[in-house]
Protein chains: 2
Amino acid sequence: MIREKYARLAYHRFPRTTARYLGDQRVDSVPPEEGLPDFHPPPPPQEDPYCLDDAPPNLGYLVCMQGGILFVYDNKKMLERQEPHSLPYPDLETYTVDMSHILALITDGPTKTYCHRRLNFLESKFSLHEMLNEMSEFKELKSNPHRDFYNVRKVDTHIHAAACMNQKHLLRFIKHTYKTEPDRTVAEKRGRKITLRQVFDSLHMDPYDLTVDSLDVHAGRQTFHRFDKFNSKYNPVGASELRDLYLKTENYLGGEYFARMVKEVARELEESKYQYSEPRLSIYGRNPKEWPKLARWFIQHKVYSPNMRWIIQVPRIYDIFRSKNLLPSFGKMLENIFLPLFEATINPQDHRELHLFLKYVTGFDSVDDESKHSDHMFSDKSPNPDIWTSEQNPPYSYYLYYMYANIMVLNNLRRERGLSTFLFRPHCGESGSITHLVSAFLTADNISHGLLLKKSPVLQYLYYLAQIPIAMSPLSNNSLFLEYSKNPLREFLHKGLHVSLSTDDPMQFHYTKEALMEEYAIAAQVWKLSTCDLCEIARNSVLQSGLSHQEKQKFLGQNYYKEGPEGNDIRKTNVAQIRMAFRYETLCNELSFLSDAMKSEEITALTK
Amino acid sequence: MIREKYARLAYHRFPRTTARYLGDQRVDSVPPEEGLPDFHPPPPPQEDPYCLDDAPPNLGYLVCMQGGILFVYDNKKMLERQEPHSLPYPDLETYTVDMSHILALITDGPTKTYCHRRLNFLESKFSLHEMLNEMSEFKELKSNPHRDFYNVRKVDTHIHAAACMNQKHLLRFIKHTYKTEPDRTVAEKRGRKITLRQVFDSLHMDPYDLTVDSLDVHAGRQTFHRFDKFNSKYNPVGASELRDLYLKTENYLGGEYFARMVKEVARELEESKYQYSEPRLSIYGRNPKEWPKLARWFIQHKVYSPNMRWIIQVPRIYDIFRSKNLLPSFGKMLENIFLPLFEATINPQDHRELHLFLKYVTGFDSVDDESKHSDHMFSDKSPNPDIWTSEQNPPYSYYLYYMYANIMVLNNLRRERGLSTFLFRPHCGESGSITHLVSAFLTADNISHGLLLKKSPVLQYLYYLAQIPIAMSPLSNNSLFLEYSKNPLREFLHKGLHVSLSTDDPMQFHYTKEALMEEYAIAAQVWKLSTCDLCEIARNSVLQSGLSHQEKQKFLGQNYYKEGPEGNDIRKTNVAQIRMAFRYETLCNELSFLSDAMKSEEITALTK
C-alpha cells in the first residue's frame, strides 16, 4: 500500500490485481487504460520528427526551489504568499516514516521466514508447472502462426548511449574518420586548433594500427569488483581526449561523431525491425545549459529513431563537482537538473528545442558505483539540499528521494498540460547496501540490476507482489559483480518476478554485432531457457519500456495493459496462454493469502 | 611411438618435438615442411575453380578389395599373382596388438596415477602462468598493430553441411522458395509430379505461417541424452519430405535448394573474410554411384567457396542398410565408399568431376550416436568385412580401423601421383565407451568432441603429449550430453591440449546469425577467457583444419609448421609469444621426464 501511494503520486505503475487484493476500492472505478503513464507515440512516417511548431503557449507560472524541491506558483503574488499551484508535493517526514516502516519489515524475523518460504514455494511451483506443461506450452507456440522468438518485439531496457556500439564498431568508426578527414579541426586547446591527425600524433598512434586490444575498452578479468577500473574503460586507448571526441555530446564538433555512431546503431535496430532500445544520455547538473545543449545536439544531428526512446541518466557525483567548486550546494545541482524541465513545460514556446526533445525522453536513471559507502544516514534530520554544501556526497537514498520528488511534481505539472510524463528508473541493487532497494521500492517505477534482491527474501517477495520490473544484465554483472552461473535471473524468472534482459554496455561486454541477441542467446544456452521463457522476457521488456501506449498495443496486443491471460495476445507475443494463466493464478494465490490474513487480523482486532 | 607409426603411414601429423624426445632419429633428417599432409591451395581468383582439364593420365592400375581393404595392382598379371603395388598395407594383427597395448596402459594403476598427477600439475602451472603473465601477454597484444581477435583467422573445424545454416535462415529460405516458385515441380512420387505448393498442401501447412517454433529444428531440453530425438530434428516440421527437398544433395531438383543455402552461408563467410568452415557432406556407402552424384552436385550448382573446405562423413549405419537388404556385407559398404576414390585417383581422366571435387575434400569423418552399444568385440578373430554379413552393426573400433586402413592406402597412392591426401577426423569421445578414444589415438589425425578424455587421465595425457587436435563444440554438448558449465574445454585449454571451437550444427544449437562467433562469445563470457586464450584457440583451429600449406602460411605466418614460439607470427595470430614459449617449455618439460625415465630404464636393463 505504501508503494501504491508513491506510484500513484508520480504516475508510476502499480498492478491493479495487487491493488485490488490490498482492498483498494478506487482501482475498479478507473478504467485500466487511464492509470497508465503518458508517452508520446512516434510521429507518423510522413511527419517531420523535428518539427518545432506545436509548442503550447506560456502558462506564466513561476518556479522556485525550496529545500531541494521545485515549487510552482501561478504568479508572482502567489509566490510571495508562498501558496504553490495545486500539485501534490512530497512530504519528507511521511517519507522517512514509510521508509523506516519498510526497513523494519525487511529485518523482522517472522516476515523473513514467511517470505523465504513463499519464495521457495514459488520456485518449486514453477518447476512443477514446467514438468507438467512444458510440452503443452510448446505445442501452443508451434501452432501460433507467423510469430516466433525472432519476430517478437524486444526492448533493450538498460543501455548507456556512450557504450551502445560494440568495440569493433567504435574501432571501425575511429579508423574511418581518420581515413576520410584527418585534417579536420576537431578540438581546440588554449586557443590552438587541433586536427584529427594532431590528436593521434600527440598520442603517438596511427589509427591504422589500432585494434580492439589497443583500444582497450572491453571489460576483462581485471574489472571484476573494480567499478573504478571499469569506468576508465570508457576512455579509448586510455585517452580521455578520444572519449571527449567520440563519445560525448559536447565538444568542438558539437558531438557530431558520437551522434553519427548512435545513428548507425539506430539504423541497425531499424533494419532488425523487432529490436528497440532505451539508451541513457547524461545530464550532470553542473549548470542549467546542459539541457538546451543536449536538445540542440539531438535536433542538429537528427538523432531521432523510431526504434529508440531516451532516458536521462544523472551520475551521483555531486562530491566531485563540489570539490572542484563547480557547485555551491546539492540543491543547485538539483535545480540545474530540473529547473530547465519545469521552464520548458510551463513555457514550451520559449524552449522549443527542449520541448521537442522531451517528447522522446521517457524517464530518468540514477547512476554510479553503488558499492561506494556514504557516511551520512538519510533521515528527516538530514540537511536539506539547499544547505547541503559540504564536499561529502549525499547517500544513495537521498539522491533517490530528491530525484523522485522533483519528477513527481514535474509529472503532475505536465499531466495537467496534457504533456508526456517520465518514469524514474534508477540503477539499483547492483552492489552496495540492501537499503538501496528499499528506496527504489518507494520511488522507482522500475529498476536496473536488482541483483541484491537475492539477499533479502522480504524485499524480493515485495518486488514480486508489486511486479516491479527489473532490467537485468547478466553479462555486465559477469564482468563486474557476479559470475554468470550465479546470476539470479533464472531464479527470479521462475518465481515470477518481472524481469527483462538488457545489455548495459555493449562496448565493454559484448563480442558480436547484435548485443541484445547475444544476451538472449547466452541466457538461453546457459540456463536452457525455453522459447516460452524467452518470449516472456521479451514481453516483459516491452511492458517495462517507455514505448507508447499505441506501440505497446501494436507489439503486445490491444489489451496489453490488462493483467493475466486476457492481457496477452499470443499472436503478437508468442507467450503461451498456459504460462500467462499460471503466472496470474500464482500471483492471485499469493495475494489472497495476504488479504485473508489482513481480514482475519481485522476481525481479531474487532472482537478483542 | 605407436601413434607416430600410424600417423606416418597415413600422412597424418605427429609433433616433431614429441618424436624427438621419443628418440626418433629420422625426425631431424627431414625438413619440417616435408612431413605435412598435402592439400590443394584454392585456385587463384582469375582461375575457374570448376576447370576439368588438368586430370592426369590413366595409370592403368587395378583395384580389388580383400578383407575390407582395397589392394592396388600394377596390372592384371600382378593381380593374378596377388602381388600388390608397393604401397604400405596395414596389418590387422599388429594393429590389435598395438591396440591392446594401449588398452592395458590406460588401466594400469601406476600409469594412471602418474598421468593424473602430471595433468594436475599442468593445470596448476597454467594458473600460475596466468597470474604472473596475464598482463604481460595483454601488453604484447596491445602493442601488436592491426591484429585483434576479430581479424585473426578462425576455422569452424566441425560442422555438418545439412545443419550449417541457422534455423532462421532455413525458415527464410523455405518461405522464399514458396513465395517465388510455388508451382515448380520439386518431387516425383509414384510417377506423379508434385509441385512445391502440393508438398505444403499435403502437410496442411502454409509456409507464410511457418515459424522457427513450428519448424522445430532447434534442440531443446528434450534432446538431452536423446541422440535419437536429436537426429529427428533434421526434419523440418517433423516432415522427412522437407528434409529431402531442402537438406539433401540427391532429390528431384538435384539438391538445388540445399546448394543454394550452402552458398548463402559461404557468401556470409566470404564477407566476414576471417571465418572459414569445414562442412561435412555424407557418403553412405549404399552404392558406388553416390560419389559421382555428389561431385556432380558440387560442380553443377557451383558450390565452391574459398572459405570452405569439405569433409566427407560416413554414418555408421551399416545395420540399417543391411536390414533393408541394400547391402550384402560390410565389405561392400567399404567398397562403395572407397573404390570410386581409388578409381578416380588411378584414372582421373575418366572421372574428371570426382577428381576435381576431391581437390576440395580434405578429410573423412565417421559419425553417429557413440552411445549405442555393440555386442561385438573387435579383435584379429573378428570376421573380416567381406564375410561380415550379419545384420549386426560392427563396433566403433571396427569402423575406424577399416576406414583408416583404406584412407592410408589411398593417401599413399595419391602421394605417389602428387595428388592431395586426406585426413581421418572422426567424431570421437562424445559419449559411449572410452575405447573409442583409443581407436582414434591410433587411427585419427584429429577428432571432434573428445569429451570423454575427462574420464581417462592416461588417454588425456597421451592426447596432450601427441598434441592431437580436438574440435570441441560446447554448445552442442550442452544440448546433448553435458551441461555447459561442466564442459572440459576450459580445463583442456589450460592444460595445453590442442583444442579448437566449432559449432557442430548451427541449425539445431545457435541463435544468432554468426554461429561461430556465438560459440566464441559464449565461451569467452562463461569462462572469462582472455583475448590471448581466444586467439590461441583460433590459431589451433587453423592448424587443425584442412586449409592448404599456402593458406596456413598466409594466415599464421611463414613458419607456422615449426613448433614452439618460432612457429608463431604474432602479427598474424595475435597470440602472445610469452604464451607460445610457456606452452613449448611445458611440453618439452613433460617429454623430457619421460625420455629421462626411458633412458634410466635402458641403463638399468643394461647393467642387470
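What counts, and at which threshold
- Counting restarts for each chain: residues are numbered from 1 in the order of the written sequence.
- As they are written, the chains are lettered A onward and the ligands numbered 1 onward, keeping that order.
- In view of the model being predicted, local features appear only for residues whose pLDDT reaches at least 70, and side-chain atom pairs are presented and counted only at 80 or more, with totals across whole chains, interfaces and linings using the full set of residues.
- In computing side-chain properties, one takes all heavy atoms of the structure into account and sets aside hydrogens as well as water.
- The numbering of helices and of strands both runs from the N terminus, where a helix is a DSSP run of H or I of at least 4 residues and a strand a run of E of at least 2.
- With C-alpha atoms as the basis for the radius of gyration, the globule rule is written as 2.2 Å multiplied by the number of residues raised to the power 0.38.
- Residue burial is assigned from relative accessible area. The probe radius is 1.4 Å, only protein chains are included, and a residue is buried under 20% of its type maximum, exposed over 50%, and partly exposed in between.
- Contact definition: two residues touch when any of their heavy atoms are within 4.5 Å.
- Accessible surface is computed with a 1.4 Å probe, and the buried area is the amount of it that two parts give up when combined, taken over both parts together.
- When a carboxyl oxygen of Asp or Glu lies within 4 Å of a side-chain nitrogen of Lys or Arg, that pair is called a salt bridge.
- Counted as a polar contact is a pair of N or O atoms within 3.5 Å, where, for protein atoms, one must be capable of donating a hydrogen and the other of accepting one, and residues adjacent in sequence contribute only when both atoms are in side chains.
- To get an axis, fit a line to the C-alpha atoms, keeping to the stretch in contact for a helix; angles then go from 0 to 180 degrees between the N-to-C directions.
- For classification, angles of less than 35 degrees are called roughly parallel, those exceeding 145 degrees roughly antiparallel, those between 65 and 115 degrees roughly perpendicular, and all remaining angles oblique.
- Residue type decides the class: Asp, Glu, Lys and Arg count as charged, Ala, Val, Leu, Ile, Met, Phe, Trp, Tyr, Cys and Pro as nonpolar, and the leftover types, Gly among them, as polar.
- Superposition of the copies was done by least squares, using only C-alpha atoms of residues whose pLDDT is at least 70 in both.
- Patches were defined on residues exceeding 30% relative accessible area and lacking a salt bridge, with like-charge contacts within 9 Å and nonpolar side-chain contacts (Val, Leu, Ile, Met, Phe, Trp, Tyr) within 5 Å.
- The Shrake-Rupley method, run with a 1.4 Å probe sphere, supplies the accessible areas, and residue values consider only the shown protein chains as cover.
- Expected helix span is taken as 1.5 Å per residue step, with the number of steps being one fewer than the number of residues.

Secondary structure summary: chain A contains 26 helices and 13 strands in total. Since a compact globule built from 608 residues should have a radius of gyration of about 25 Å, the 24 Å found for chain A is in line with a globular shape. With respect to the three principal axes, the spread of C-alpha positions in chain A is 85 × 65 × 50 Å. Across the 608 residues that make up chain A, the buried fraction comes to 61%.

Glancing now at the interface of chain B and chain A. The interface is formed by 51 residues belonging to chain B together with 52 residues belonging to chain A. Surface buried jointly by chain B and chain A totals about 4300 Å² across both partners, of which 52% is contributed by carbon and sulfur atoms. Of all residues in chain B, R221, Y511 and Q525 of chain B bury the most surface against chain A, accounting for 19% of the area lost on that side. For the pair chain B and chain A, the interface holds eight salt bridges. For the interface between chain B and chain A, the tally reads 31 residue pairs in polar contact (both at pLDDT 80 or more). Within the residue set of the side of chain B that touches chain A, elements represented by two or more residues are α5 (109-142), α6 (167-180), α8 (212-215), α19 (474-480), α22 (515-527) and α23 (531-544) of chain B. Here the element with the most residues in the side of chain B that touches chain A is α22 of chain B; it accounts for seven residues.

Glancing now at unusual backbone geometry. Both trends apply: most residues other than glycine have a negative phi, and most peptide bonds are in trans. Positive phi is not limited to glycine here, since H449 of chain B has a value of about 90°. Within the secondary structure, H449 of chain B is located in strand β11 (residues 447-449).

Moving on: the packing of helix α22 (residues 515-527) of chain A against α22 of chain B. Packing of α22 of chain A against α22 of chain B brings their axes to within 11 Å, and their N-to-C directions diverge by 70°. Between α22 of chain A and α22 of chain B, the angle is such that the two are roughly perpendicular. Together, E518, A521, I522, Q525 and V526 of chain A of α22 of chain A and E518, A521, I522, Q525 and V526 of chain B of α22 of chain B make up the contact between the two elements. Looking at the contact of α22 of chain A with α22 of chain B, its residues break down into six nonpolar, two polar and two charged.

Bringing the pattern of salt bridges into the picture now. On inspection of all chains with the given rule, the structure shows 74 salt bridges over all chains. Residue E130 of chain B pairs with R221 of chain A through a salt bridge whose shortest N-O separation is 2.7 Å. Of this pair, E130 of chain B sits in helix α5 while R221 of chain A sits in the loop between α8 (212-215) and α9 (227-232), which puts the two residues in different chains. Here K381 of chain A ties to D380 of chain A by a salt bridge, and the two come within 3.2 Å at their closest N and O atoms. Among the ionic contacts, a cluster of salt bridges with common partners joins E130, E134, E137, D533, E536, R579 and R583 of chain A together with R221 of chain B.

Right, let's get into the relation of the copies chain B and chain A. Relative to chain A, chain B is turned by 180° and slid 0.0 Å along the rotation axis, the superposed coordinates differing by an RMSD of 0.0 Å. Here the transformation between the copies is reduced to the relation of a two-fold axis. Using C-alpha coordinates, one finds that chain B approaches the rotation axis most closely at I522 of chain B, a distance of 3.1 Å. Take the interface residues of chain B: 100% of them recur as interface residues in chain A, which is what a same-surface contact looks like.

The next point concerns a nonpolar patch on the surface. On the surface, a cluster of nonpolar side chains totalling about 370 Å² of accessible area is made up of L128, M131 and L132 of chain A. Overall, L128 of chain A belongs to the partly exposed group, its relative accessible area being 48%.

Attention now moves to the environment of D213 of chain A. One can find D213 of chain A in helix α8. In sequence terms D213 of chain A and K324 of chain A are 111 residues apart; their C-alpha atoms lie 34 Å from each other. Discounting chain neighbours no more than four positions away, the residues touching D213 of chain A are F138, L141, K142, R147, D148, T531 and N574 of chain B. Side-chain polar atoms of D213 of chain A contact the side chain of N574 of chain B, separated by 2.8 Å.

Residues and elements named next belong to chain A. Helix length check: helix α6 (residues 167-180), at 14 residues, gives a terminal C-alpha distance of 20 Å against a target of 20 Å (1.5 Å per residue), a fit within 8%. Along α6, the residues that are buried comprise Q167, H169, L170, L171, F173, I174, T177 and Y178. Looking at the buried residues of α6, the elements they touch are α7 (196-202), α8, α10 (240-247), α11 (256-272) and α21 (506-509).

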